[in-house]
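These are the residues of each chain, in order.
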Amino acid sequence: MKKVTTPNPQSSSPLLQPSRPVGFTGYGAYVPRYRISAKEIARVWAGGKAALPVKEKAVPGMDEDVITMSIEAARNALARAEIHAHQLRAVWVGSESHPYAVKPTSTVVAEAIGAVPNVQAGDWEFACKAGTEAIVAAMGFVGSGMADYAMAIGMDTAQGKPGDALEYTAAAGGAAFIIGPAESSLATINASYSYVTDTPDFWRREYQKYPEHGVRFTGEPAYFHHITSAGSTLMEALGVTAKDYQWAIFHQPNTKFPQRAAQMLGFMPEQIEPGLLVPVIGNTYSGSSIIGLTATLDVARPDDRILLVSFGSGAGSDAFDITVTEKITERQGKALKTQDYIARRIEIDYATYARYRGKITMK
Amino acid sequence: MTDVIIAGLGQTSVGEHWDVGLRDLAYYAIDAAIKEAGGLRPQSLFVGNMLAPNLSKQAHLGALLADFVGLTGIEAVTIEAAGASGGAALRQGYLAIKSGLVDTALVVGVEKFTDVVGAGVEEALATAADSDFESVQGMTSTAQAALIMQRYMHEYNVPPDGFAGFALTAHANGAGNPNAMFQKAIKAETYAKAGMVSDPVNMFDAAPNADGAAALVLTRRDLLPSNWPHPLVKVAGSATASDTLALHDRKDMLYFEAAQLSAGRAMKQANIVLDQINLFEYHDAFSIYAALALESVGFALRGQGWKLAAEGQIALNGRIPCATMGGLKARGFPGGATGVYQAVEAATQLRGQAEANQIPEAHYALIQSLGGPASTAVTHVLERLN
């Protein structure tokens with residue numbers, strides 16, 4: 001097993017910790033209202049006989065995309081942060097389903113929420129960890145003192161090839177975070193650590209409509225290796241174990257993977273329970289781990305400690321050590337909670353799903 | 001004539017070795033075999049491999065591996081006969097020593113499936129069939145086995161779970177092999193509930209493709225170091241036979257004639273009869289292959305091979321123990337390495353080093369490696385010398 005403990009020879013610690021302490025000032029989730037059950041997909045493609053990785057997944061409506069969904073989540077984050085959008089010095093959107101190949105999602109989002117023109121904007125891509133990569137960048141941006149607030153979003157309308165194993169889980173949703181000074185935060189980010197290698201487990205080339213994947217290669221050498229390497233290195237460097245955390249969230253491409261990753265790192269099932277949303281909304285890709293964080297923050301109490309570990313194919317994991325502050329209590333109710341979005345559901349059949357997702361090509 | 005002695009054994013575990021390349025797999029097996037052979041330096045390397053040019057885009061394994069393991073300069077070539085490549089490579093090593101032209105030969109079987117995932121693997125395996133008449137029509141090795149199995153079940157009135165005994169035996173034996181891909185025994189219900197791959201071949205009727213490498217050092221008896229510590233195992237018989245490549249060219253598709261011919265020749269060379277054989281490593285790429293091998297070699301009457309499995313006669317304590325370290329089904333099917341694994345496992349049995357899976361007082365082992373539906377059959381008799 002390759003394992004990096006001291007990546008920077010100048011530093012004795014593998015951790016990323018800004019000189020100015022930072023945290024989450026606001027957060028917001030968004031999940032579209034439509035749901036298709038895995039059973040319905042199995043009915044069409046497997047004669048009803050398939051091992052189902054989730055119960056159902058969230059499907060975006062015909063007029064929804066990563067831009068509109070990001071705006072929804074961003075507004076929720078602003079409501080909780082109680083700052084004006086003009087105070088944001090960056091709006092960064094991580095996704096693997098940006099509506100345009102060339103033309104930023106982030107500029108439209110920044111304009112819509114009122115953050116323009118004195119702002120950085122940019123789109124991020126790192127498969128399912130583009131959102132947490134943007135969070136790490138925002139930590140540096142705010143932590144250096146160059147900015148007071150930066151917004152990082154992870155949002156996807158993930159593409160699942162009809163009939164492919166991933167069609168059962170490829171879902172839509174995500175979350176937005178405002179990173180700001182620790183003293184104004186509802187949760188501080190104590191440290192992060194990222195573990196990255198060239199591991200081609202899942203990809204979508206330019207002009208391809210659907211991604212391809214390496215079947216079981218996506219498991220051990222990709223997901224589990226990166227998640228456990230990032231998580232264990234962060235915890236070792238901080239001198240903590242799973243017992244020191246109230247909650248944990250791991251990237252959730254299906255129900256079993258995060259459960260097993262949690263077990264491998266010593267966490268109990270109840271520690272991941274609030275953030276384990278994949279059974280009911282599917283894998284929201286760039287939004288997957290961080291919407292688990294918003295759901296966890298919705299129920300967290302002051303002083304709760306949270307471990308968040310994302311995973312992006314290609315591959316890498318970002319691990320974060322987070323401590324909830326007393327500000328959480330008054331801010332939780334200032335916007336719709338993640339579970340409110342999950343409860344708001346309209347079940348659709350495969351034909352409607354095929355229409356909404358543009359899977360029927362007319363020309 | 002000199003005795004050909006197996007002087008070194010090496011193997012990697014069988015499984016999905018995502019992070020180990022073709023040459024590294026081969027190196028691990030070769031390194032172990034050479035270390036065991038007590039300083040013998042091979043003059044020839046025979047590589048058994050089936051799919052490297054296709055899956056790993058790597059031909060010319062002889063030169064590649066000889067150089068990679070530090071034997072640059074020696075004779076080194078690849079032997080290919082589809083799933084029988086490993087057995088065929090062993091035979092080339094045997095011939096080299098037996099002829100007196102080579103003192104010490106190295107045989108390595110290596111296969112790296114996981115360089116490709118998905119349908120590409122099945123497509124590569126299908127190149128072993130007749131391209132113009134079979135593969136081009138969409139026939140895969142599994143579909144072909146299904147046709148044979150369906151005919152067999154029809155002709156001989158085999159009940160639906162009649163073949164379960166092969167998978168049950170293989171998995172029970174895999175549990176005692178630390179190098180096996182599957183090391184867990186299965187229950188009859190598990191077999192009965194398994195999904196169909198190509199009706200009537202279910203998931204437990206088909207061996208899993210897997211990465212692995214196994215190696216042997218062969219030498220003349222008089223060259224063996226005086227302090228060599230293991231019981232002597234000799235290659236007592238070696239034969240290859242061929243049959244039609246395409247199944248439709250066979251007069252009788254329920255009989256593996258090449259399996260019969262090569263086994264008969266090998267046993268004749270070894271000067272033994274069937275009853276003297278203590279264990280049989282057959283080529284159970286599919287459970288129907290195992291049944292037909294038992295019948296073609298002569299352990300069962302035609303149409304009765306499946307009953308040997310159903311009645312427990314192929315278990316470790318049965319009349320003719322088969323797949324004693326898990327066979328292709330539970331140890332795994334590492335393509336062209338398979339025949340070399342069989343030899344390593346049989347030699348381990350004959351040395352008395354098979355631990356939990358040891359066949360008591362094993363003296364003769366029959367090992368048989370098949371290419372396709374026995375279009376090639378390579379059979380060896382290994383004998384323990386007292």
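Residues numbered from 1 in each chain as written. Chains lettered and ligands numbered in written order. Predicted model: local features only at pLDDT ≥ 70, side-chain atom pairs only at ≥ 80, totals over all residues.

Concerning the overall build of chain B
Right, on to step 1. The secondary structure content of chain B amounts to 13 helices and 11 strands.
Right, on to step 2. Taking 2.2 N^0.38 as the reference for a compact globule, 386 residues should give roughly 21 Å; the C-alpha atoms of chain B span a radius of gyration of 19 Å, in line with that estimate.
Right, on to step 3. Expressed as a percentage of the 386 residues in chain B, the buried residues total 58%.
Right, on to step 4. Within chain B, residue pairs in contact and separated by at least 24 positions form 78% of the contacts whose partners lie at least 6 positions apart. (Helix = DSSP H or I, 4+ residues; strand = E, 2+ residues; numbered from the N terminus. Rg over C-alpha atoms; globule rule 2.2 N^0.38 Å. Buried ≥ 20, exposed ≤ 12 C-beta atoms within 10 Å, placed from the backbone. Contact = placed C-beta atoms within 7 Å.)

Describing the overall build of chain A
Right, on to step 1. Scanning chain A from terminus to terminus reveals 12 helices and 14 strands.
Right, on to step 2. Its C-alpha atoms give chain A a radius of gyration of 19 Å, near enough to 21 Å, the size a compact globule of 363 residues would have.
Right, on to step 3. Counting only C-alpha atoms and orienting by the principal axes, one finds that chain A spans roughly 55 × 45 × 35 Å.
Right, on to step 4. Burial statistics for chain A: of 363 residues in total, 55% are counted as buried.
Right, on to step 5. The long-range fraction of contacts in chain A, counting pairs at least 24 apart against all pairs at least 6 apart in sequence, stands at 77%.

Points about the sheet that holds strand 3 (residues 56-59) of chain A
Whether parallel or antiparallel, the strands of a sheet pair through hydrogen bonds between backbone atoms.
All names here are of chain A.
Right, on to step 1. Taken in spatial order, the 3 strands of this open sheet run 3-2-14, and their pairing is mixed. The open sheet has two edge strands with one neighbour each: strand 3 and strand 14 (346-347).
Right, on to step 2. Where strand 2 (residues 34-37) lies against strand 3, 4 bridges are found, and the strand directions are antiparallel. Its bridge partner lying in strand 3, Tyr34 is registered against Val59.
Right, on to step 3. Across the sheet, helix 1 (residues 38-45) touches strand 2 and strand 3, and the angle it forms with strand 2 is around 55°. (Pairing = 2+ DSSP bridges. Axes fitted to C-alpha atoms, helices over the stretch in contact; angles between N-to-C directions.)

Examining helix 4 (residues 85-98) of chain B
Residue and element names in this part refer to chain B.
Right, on to step 1. In this model helix 4 runs 20 Å from its N-terminal to its C-terminal C-alpha over 14 residues, within 8% of the 20 Å that 1.5 Å per residue would give.
Right, on to step 2. With 11 of 14 residues buried, helix 4 lies mostly within the body of the structure.
Right, on to step 3. Those residues of helix 4 lying buried are Ser85, Gly86, Gly87, Ala88, Ala89, Leu90, Arg91, Gly93, Tyr94, Ala96 and Ile97.
Right, on to step 4. Directly beyond the C-terminal end of helix 4, a positive phi value near 85° is found at Gly100. (Expected span 1.5 Å × (residues − 1).)

What to know about the domain arrangement of chain B
Residues and elements named next belong to chain B.
Right, on to step 1. Split into domains, chain B comes out as domain 1 (4-117 + 209-232) and domain 2 (121-206 + 236-385).
Right, on to step 2. Put simply, the middle of domain 1 and the middle of domain 2, counted by C-alpha atoms, are 22 Å apart.
Right, on to step 3. Of the residues lining the interface, 43 residues belong to domain 1; the matching set on domain 2 comes to 38 residues.
Right, on to step 4. When residues in the side of domain 1 that touches domain 2 are grouped by element, the largest group, 8 residues, is from helix 4.
Right, on to step 5. Looking at the side of domain 1 that touches domain 2, its residues break down into 25 nonpolar, 14 polar and 4 charged. (Domains from an automatic or database assignment. Nonpolar A, V, L, I, M, F, W, Y, C, P; charged D, E, K, R; others polar.)

Some words on the packing of helix 5 (residues 219-238) of chain A against helix 6 (residues 256-264) of chain A
Working note: a packed helix pair is described by the angle between its axes plus the distance between those axes.
All names here are of chain A.
Right, on to step 1. Closest axis-to-axis distance for the helix 5/helix 6 pair is 10 Å, and the angle between their directions is 40°. By the criterion of interaxial angle, the relationship of helix 5 to helix 6 is oblique. Crossing hand, helix 5 versus helix 6: right-handed. Facing Tyr223, Phe224, Ile227 and Thr228 of helix 5, the residues of helix 6 in contact are Phe257, Ala261 and Met264.
Right, on to step 2. Looking at the contact of helix 5 with helix 6 residue by residue, the classes come out as 6 nonpolar, 1 polar and no charged. (Parallel < 35°, antiparallel > 145°, perpendicular 65-115°, else oblique. Left-handed = near helix turned anticlockwise from the far one by under 90°.)

Focus: the interface of chain A and chain B
Accessible area lost when the parts come together is the quantity often used to give the size of an interface.
Right, on to step 1. Of the residues lining the interface, 6 residues belong to chain A; the matching set on chain B comes to 5 residues.
Right, on to step 2. Per-class residue counts for the side of chain A that touches chain B are 3 nonpolar, 1 polar and 2 charged.

With respect to the environment of A:Glu125
Residues and elements named next belong to chain A.
Right, on to step 1. Of note, Glu125 is situated in the loop between strand 5 (120-124) and helix 4 (130-143).
Right, on to step 2. Given 16 C-beta atoms within a 10 Å radius, Glu125 is considered partly exposed.
Right, on to step 3. Between the alpha carbons of Glu125 and Ser184 there is a distance of 29 Å; along the sequence they are 59 residues apart.
Right, on to step 4. Apart from residues no more than four positions distant in its own chain, Glu125 is found in contact with Glu96 and Ala130.

Topic: the sheet that holds strand 5 of chain A
Residues and elements named next belong to chain A.
Right, on to step 1. Read from one edge to the other, the open sheet built from 9 strands follows the order 5-4-6-7-1-8-13-12-11, with strand pairing classed as mixed. Of all strands in the sheet, those bounded by a partner on one side alone are strand 5 and strand 11 (247-250). Across the sheet, the axes of successive neighbouring strands diverge by a mean angle of 20°, strand direction being ignored.
Right, on to step 2. Two strands pair when backbone bridges link them, and strand 1 (residues 22-30) and strand 7 (residues 172-181) are joined in this way by 8 bridges, in the antiparallel orientation. Along strand 7, the bridge assignment pairs Phe24 with Ile179.
Right, on to step 3. Strand contacts of helix 3 (residues 105-113): strand 4 (88-94) and strand 5, with the helix running at about 135° to strand 4, the strand carrying the most contacts.

A word on the nonpolar core
Right, on to step 1. Counting 139 residues, the largest nonpolar core has B:Val107, B:Val108, B:Ala215, B:Leu216, B:Val340 and B:Leu382 as its most contacted members.
Right, on to step 2. With 9 residues, the single largest contributor to this core is helix 1 (residues 22-36) of chain B.
Right, on to step 3. Both domains that meet at this core, namely domain 1 (4-117 + 209-232) and domain 2 (121-206 + 236-385) of chain B, each give it at least three residues.
Right, on to step 4. Sequence-distant contacts of B:Leu216, defined by excluding residues within four places in its chain, comprise B:Ile6, B:Gly8, B:Leu9, B:Ala33, B:Leu90, B:Gly93, B:Val107, B:Val340, B:Ala343 and B:Val344.
Right, on to step 5. Membership of the second largest hydrophobic core comes to 113 residues, among which are A:Tyr34, A:Ile71, A:Leu276 and A:Ala315. (Core = buried A, V, L, I, M, F, W, Y, C linked by C-beta atoms within 7 Å.)

So, the confidence of the model for chain A
Right, on to step 1. Confidence in the prediction of chain A, expressed as mean pLDDT, is 95, and 97% of residues score 70 or more.
Right, on to step 2. Contacts from residues 1-6 of chain A, a stretch scored under 50 in pLDDT, to residues over four places away or in other chains number 7 contacts. (pLDDT = per-residue confidence, 0-100.)

Some remarks on the environment of B:Ala362
All names here are of chain B.
Right, on to step 1. Within the fold, Ala362 resides in the loop between helix 13 (338-351) and strand 10 (364-371).
Right, on to step 2. Sequence separation of Ala362 and Arg351 is 11 residues, and the distance between their C-alpha atoms is 8.3 Å.
Right, on to step 3. Setting aside chain neighbours within four positions, we find Ala362 in contact with Asn278, Leu279, Gln349, Leu350 and Arg384.

Section: the confidence of the model for chain B
Right, on to step 1. When pLDDT is averaged across chain B, the result is 97; 100% of the residues are at 70 or more.
Right, on to step 2. Scoring of the predicted complex yields 0.85 for pTM and 0.72 for ipTM.

Regarding helix 6 (residues 141-156) of chain B
Residues and elements named next belong to chain B.
Right, on to step 1. Under the 1.5 Å per step criterion, the end-to-end length of helix 6 is 22 Å for 16 residues, consistent within 8% with the ideal 22 Å.
Right, on to step 2. Looking at helix 6, one finds that the buried residues are Ser141, Gln144, Ala145, Ala146, Ile148, Met149 and Tyr152.
Right, on to step 3. Contacts made by the buried residues of helix 6 are with helix 5 (119-125), strand 5 (196-198), strand 6 (201-202) and helix 10 (287-297).
Right, on to step 4. One or two positions beyond helix 6, positive phi appears at Asn157, with a value near 50°.

Observations concerning unusual backbone geometry
Right, on to step 1. Note the cis peptide between A:Gly314 and A:Ala315, where omega equals 10°.
Right, on to step 2. Within the fold, A:Ala315 resides in strand 13 (residues 314-324).
Right, on to step 3. For the peptide bond that leads from B:Asp199 to B:Pro200, omega is 10°, which places it in the cis range.
Right, on to step 4. You can see B:Pro200 is positioned in the loop between strand 5 and strand 6.

As for the environment of B:Pro208
All names here are of chain B.
Right, on to step 1. Secondary-structure assignment places Pro208 in the loop between strand 6 and strand 7 (212-220).
Right, on to step 2. In this structure Pro208 comes out as partly exposed when scored by C-beta crowding, with 18 C-beta atoms within 10 Å.
Right, on to step 3. Through-space distance from the C-alpha of Pro208 to that of Phe333 is 5.6 Å; in sequence the pair is 125 residues apart.
Right, on to step 4. In contact with Pro208, other than residues within four places in its own chain, are Met181, Gly332 and Phe333.

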